[in-house]
Amino acid sequence: MATKHDQILKYIEGLPIGDRISVRSIAKNLGVSEGTAYRAIKDAENIGLVSTIQRVGTIRIERKLKKHIEKLTFGEVVRIIEGDVLGGSAGLDKVLNKFVIGAMTEKAMTRYITPGSLMIVGNRQGVQKLALENGAAVLITGGFDTESEIAELADELEMPVLRTTYDTFTVATMINRALSDQLIKKDIMLVSDIYTTLEKTNYLLSANTIADYQKLSEKTHHSRFPVVNKSLRLVGIVTAKDVLGKSETLTMDKVMTKDPIVAKKMMSVASVSHQMIWDGLEVMPVVEDDLSLVGFVSRQDVMKAMQLVQRQPQIADTISDQISGEVMPIEVDSKTTDSQFKFTVAPQMVNSVGTISFGVLSEIIANVTQRTMITNQRRNVLIEQMSLHYLRLIQLESELDIRPRVLEIGRRSAKLDIEVYLENALVAKAIVVCQVMERT
């Protein structure tokens, strides 16, 4: 029988996208306590069913199931090209190494066919057989069928023969895009890459006392610890502020902060970094879906990782990279003027009426903010808030002059004023508030 917690999650999952929910409404509709409703809503947020937005509330959102393609298999190719399998289905889990387009003579293409490659070809059955015999899979374009002997050979060799209605150029583009996406995903640093494992994590049991906390603090020289129950399930977090001035006999469950903000191993380091900065957190427990403690991640680890990522060479371009690559610095008198940049509006960066996309303009401002802080202040930042005013239309092929100015900077935050000019007329203006990463 499903628990009340599971019933609440099922109820939330059945709500329409965009519906607002609250602890009180869940408790009233399902006849549960507000404490049970609160814990279920927090769990729903962790697994991506709802999102809490400031000044709006908790909203039912579309659940995004991120699929990590560690290696591109032939089975993934079938999904990407919206194709079907004509033979060799036992080999769908094999990994694609490269693809070859069968647009030459059979004798000429032999040197290009290697085991694990994918031959993209039309209804040339000699080429299909040649590819299979040399350890390659086959993708037949144009919706053509194949002979039964080819399908049987594919089954025997356990190498797939696939079919799609798309033409050769289109499927090659689709597969190439998938390979680029794979490189970008692998380049994104996750919590699992940097967190401290449970074996190296110091934690306290809920039945431990403040005296136990003080002993562990003196031993480790740390002041923040996750608190778990006997099953190693996270129940809270305790800091020096929680125990200050209290009796040494009090147990952790009496003084700890309950329902702490947690991280999951598959979260990106960037998202965790933003959360830690936003909430002023020094450490975050890392848990499984059932809240079993698996380790922790510290603010220092996150900041080091973020700075390392920014120094790594780019493997594959994202849309952000493509926009940022067009933002060029302008040489100015550094004694009297902050950095300046220029940007030319390209055809792919405009909206349906031929003016610059608001999203592109936002990305330009964000990139200028990052580069200004790194160049002038030697500091990395995370943008927290941007107030962007689009004053005049910016049309295709406009050459923009972007002038950033640092208004104020502290140990943890900075504020910049960024003005965008076209032919010496102000066309856009932004105030950007960002959190400053500590130097390491």
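Residues numbered from 1 in each chain as written. Predicted model: local features only at pLDDT ≥ 70, side-chain atom pairs only at ≥ 80, totals over all residues. Heavy atoms only, no water.

A. Highlighting the overall build of the protein chain. For the protein chain, the helix and strand inventory stands at 15 helices and 21 strands. Sorting the 440 residues of the protein chain into buried and exposed places 41% on the buried side. In the protein chain, 53% of the contacts between residues at least 6 apart in sequence involve partners at least 24 apart. Roughly 24,300 Å² of accessible area belongs to the protein chain as shown, and the carbon and sulfur atoms make up 50% of that amount. (Helix = DSSP H or I, 4+ residues; strand = E, 2+ residues; numbered from the N terminus. Buried < 20%, exposed > 50% of the residue type's maximum accessible area, 1.4 Å probe, protein only. Contact = heavy atoms within 4.5 Å. Areas by Shrake-Rupley, 256 points an atom, 1.4 Å probe, with all protein chains shown as cover.)

B. Representation of a negative patch on the surface. A contiguous patch of negative charge on the surface is contributed by E147, E149, E152, D155 and E158. Within the element layout of this structure, E149 appears in helix α7 (residues 148-157). (Patch = residues over 30% accessible without salt bridge, like charges linked within 9 Å, V, L, I, M, F, W, Y side chains within 5 Å. Salt bridge = Lys/Arg side-chain N within 4 Å of Asp/Glu carboxyl O. Lys, Arg positive; Asp, Glu negative; His and termini not counted. Charge placed at Lys NZ, Arg CZ, Asp CG, Glu CD.)

C. Highlighting the side chain of S398. Take S398: it is sitting in the loop between β18 (381-390) and β19 (399-409). Take S398: its relative accessible area is 8%, and that puts it in the buried class. A distance of 2.6 Å separates a polar side-chain atom of S398 from the backbone oxygen of Q395. (Polar contact = N/O pair within 3.5 Å; in protein donor to acceptor, adjacent residues only side chain to side chain.)

D. Expanded view of the sheet that holds strand β7 (residues 137-140). Ordered by their spatial adjacency, five strands build an open sheet running β4-β8-β7-β6-β5, and the pairing between neighbours is mixed. Looking at strand neighbours, the two that pair on one side only are β4 (84-87) and β5 (99-101), the edges of this open sheet. In this sheet, neighbouring strand axes are inclined to one another by 25° on average, regardless of whether the strands run parallel or antiparallel. Sitting on the sheet, helix α4 (residues 74-81) touches β4, β6 (118-121), β7 and β8 (161-163), and the angle it makes with β8 is about 10°. On the sheet, α7 packs against β4 and β8 and is oriented at approximately 90° with respect to β4. (Pairing = 2+ DSSP bridges. Axes fitted to C-alpha atoms, helices over the stretch in contact; angles between N-to-C directions.)

E. Expanded view of the sheet that holds strand β9 (residues 196-197). Spatially, three strands are ordered β9-β15-β14 in an open sheet, and the strand pairing comes out antiparallel. Either end of the sheet is taken by a strand with one partner, and the two such strands are β9 and β14 (283-287). Examined bridge by bridge, β9 and strand β15 (residues 293-298) share two bridges and lie antiparallel to one another. Within the sheet, the bridge partner assigned to T197 lies in β15 and is G295. Contacts from helix α12 (residues 269-279) reach β14 and β15, with the element oriented near 135° to β14.

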